[in-house]
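Notes for the structure review
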Amino acid sequence: MSIIAVGSMAFDAIETPFGKVDRIIGGAATYISYAASNFVTPIRAVSIVGNDFPESEMNELKRRGVSLEGIEVVKDQKSFFWSGRYHLDMNTRDTLVTDLNVMANFNPVIPESYQGSDFLMLGNTLPSLQSSVIRQLKKRPKLIVLDTMNFWIESMPAELRETLSMVDVLMVNDSEARQLTGEFSIVKAARKILQMGPSHLIVKKGEHGALLFHENHVFFAPALPLEDVFDPTGAGDTFAGGFLGYLAKTRDISFENMKTAIIMGSAMASFCVEKFGPERLKEINQQDIDQRVQQFVELVQFDIDLV
């Protein structure tokens, strides 16, 4: 089972109430690849970087089973750079700097060796680029998952709606679901989104967990209460990588299996926030993941006698 992961590979500068880093690896494709490679390989990355992106990071991704053939390296430009400051609640942040650099000319090209991949994860980027990737695939993957954000919902609604009609799963947070539909109720918003094309909707609620919608079915997965949350950057992409990685590993895209995949994604995201950037994801092993998943099981398991 193989996964194509499309998105940015970047540098971030992050400030939270608990610390600050001036330059650390980031980007959607980076987080997705690190998370998903714990479950299945190859992860086929599609991105663009400048001449400043470290060779050591490329080698580490390669060591983990990530194919780099779809990553364009622009020798005379710099990589995408983002800087942000998180508020005390860690759910809201201010963007301080966005330097697109090479991302301004990102035109993802799917290598021939990536054709026939089983799963496609479209990280947050221009809706027209996301649909372009889908059109390049000669055979439709078993599952196409798309992430988007409020900026595209507001500035490119027609292009986004067209892309939504081509995918199986949409991942957004609760405010984006409301913005996309004009509905305050998440349940009503989900019903509208499922009429736009996706057969499944995942609504990410940060420290409050995630919701999975399909037809008339709803599943809720909690987030693990953590003592220390240093940096939520990349948690959503890590969640996506864990979710899709588990589905690829089990080769089962049923709603019942997606419930477990949601837990796997939440477990991976809970690791991500424990350190700045993807550093924590580089440290964990299968035993760590199993223990973390068991914590999720214990969090929601209970016995009850109805009288």
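Residues numbered from 1 in each chain as written. Predicted model: local features only at pLDDT ≥ 70, side-chain atom pairs only at ≥ 80, totals over all residues. Heavy atoms only, no water.

This part takes up the overall build of the protein chain. Helix and strand counts for the protein chain stand at 11 helices and 13 strands. In terms of overall size, the protein chain behaves like a compact globule, its C-alpha atoms giving a radius of gyration of 18 Å where 307 residues would be expected to give roughly 19 Å. Seen through its principal axes, the protein chain has C-alpha atoms that stretch 70 × 40 × 35 Å. When burial is assessed residue by residue, the protein chain has 55% of its 307 residues classed as buried. Summing over all exposed atoms, the protein chain offers an accessible surface of approximately 13,900 Å²; the carbon and sulfur share of this is 49%. Here the protein chain contributes 29 positive and 39 negative side-chain charges, whose respective centroids are spaced 5 Å apart. (Helix = DSSP H or I, 4+ residues; strand = E, 2+ residues; numbered from the N terminus. Rg over C-alpha atoms; globule rule 2.2 N^0.38 Å. Buried < 20%, exposed > 50% of the residue type's maximum accessible area, 1.4 Å probe, protein only. Areas by Shrake-Rupley, 256 points an atom, 1.4 Å probe, with all protein chains shown as cover. Lys, Arg positive; Asp, Glu negative; His and termini not counted. Charge placed at Lys NZ, Arg CZ, Asp CG, Glu CD.)

Below, the discussion takes up the sheet that holds strand 9 (residues 143–147). Pairing is mixed in the open sheet, where 9 strands are placed in the order 5-4-1-8-9-10-11-12-13. Pairing within the sheet leaves two strands with one partner each, and these edge strands are strand 5 (66–74) and strand 13 (217–221). Ignoring strand direction, the axes of neighbouring strands in this sheet form an average angle of 15°. Sheet topology places strand 10 (residues 169–173) next to strand 11 (residues 200–204); 5 bridges connect them, and they run parallel. Within the sheet, the bridge partner assigned to Leu 170 lies in strand 11 and is Leu 201. Against the sheet, helix 8 (residues 235–250) contacts strand 1 (3–6), strand 8 (119–122), strand 9, strand 10, strand 11 and strand 12 (210–214), and its axis sits at roughly 175° relative to strand 8. (Pairing = 2+ DSSP bridges. Axes fitted to C-alpha atoms, helices over the stretch in contact; angles between N-to-C directions. Contact = heavy atoms within 4.5 Å.)

This part takes up the environment of Phe 53. Checked against the element boundaries, Phe 53 lands in the loop between strand 4 (43–50) and helix 2 (55–63). Remark: the alpha-carbon pair of Phe 53 and Met 9, spanning 44 residues in sequence, is separated by 8.5 Å. When residues no more than four places from it in sequence are discounted, the contact partners of Phe 53 are Met 9, Ala 10, Phe 11, Ile 25, Met 58 and Ser 79.

Alternating positions in strand 8 separate into two faces, Phe 119 and Met 121 on one and Leu 120 and Leu 122 on the other, with burial throughout. Judged from the 4 bridges that link them, strand 1 and strand 8 form a sheet pairing that is parallel. Residue pairing across strands places Ile 3 opposite Phe 119, the latter belonging to strand 8. The β-α-β motif built from strand 8, the intervening helix 3 (residues 127–136) and the parallel element strand 9 has right-handed crossover chirality. (Right-handed = clockwise from strand over helix to strand, strands pointing away.)

Take the packing of helix 1 (residues 28–36) against helix 8 next. Where helix 1 meets helix 8, the closest approach of the two axes is 7 Å, and the angle between their N-to-C directions is 40°. Judged by the angle between their axes, helix 1 and helix 8 are oblique. Remark: the crossing between helix 1 and helix 8 carries right-handed chirality. Contact residues: Ala 28, Tyr 31, Ile 32, Ala 35 and Ala 36 in helix 1; Asp 237, Thr 238, Gly 241, Gly 242 and Gly 245 in helix 8. Of the residues in the contact of helix 1 with helix 8, the class split is 5 nonpolar, 4 polar and 1 charged. (Parallel < 35°, antiparallel > 145°, perpendicular 65-115°, else oblique. Left-handed = near helix turned anticlockwise from the far one by under 90°. Nonpolar A, V, L, I, M, F, W, Y, C, P; charged D, E, K, R; others polar.)

So, about the packing of helix 9 (residues 255–272) against helix 11 (residues 286–300). For the pair helix 9 and helix 11, interaxial distance at closest approach is 9 Å and the crossing angle is 115°. In this view, helix 9 runs roughly perpendicular relative to helix 11, as classed from their interaxial angle. Pair helix 9 / helix 11 crosses with right-handed handedness. Contacts between helix 9 and helix 11 pair Ile 263, Met 264, Ser 266, Ala 267, Met 268, Ser 270 and Phe 271 from the former with Asp 288, Ile 289, Arg 292, Val 293 and Phe 296 from the latter.

In terms of residue burial, strand 11 counts as a mostly covered element, since 5 of its 5 residues are buried. Covered by surrounding structure in strand 11 are His 200, Ile 202 and Lys 204 together with Leu 201 and Val 203, the residues of both alternating faces. Counting the residues between successive antiparallel strands, the hairpin from strand 11 to strand 12 contains 5 residues, one of them, Gly 206, with a positive phi of roughly 60°.

Attention now moves to the side chain of Thr 238. Turning to its location among the elements, Thr 238 is positioned in helix 8. Judged by its relative accessible area of 0%, Thr 238 is buried. For Thr 238, the residues in contact, after removing those within four places along its chain, are Tyr 31, Ala 35, Gly 265, Met 268, Ala 269, Cys 272 and Leu 281.

Turning our eyes to something else, we now look at the sheet that holds strand 2 (residues 10–16). Taken in spatial order, the 4 strands line up as 3-2-6-7 in an open sheet, and their pairing is mixed. Both edges of this open sheet fall to strand 3 (19–26) and strand 7 (93–99), since each of them pairs with a single strand only. Pairs of neighbouring strands in the sheet enclose a mean axial angle of 15°, with direction left out of account. Sheet topology note: the strand 6 (residues 80–86)/strand 7 ladder contains 6 bridges and is antiparallel. In the sheet register, Trp 82 faces strand 7, and the bridge partner there is Thr 98.

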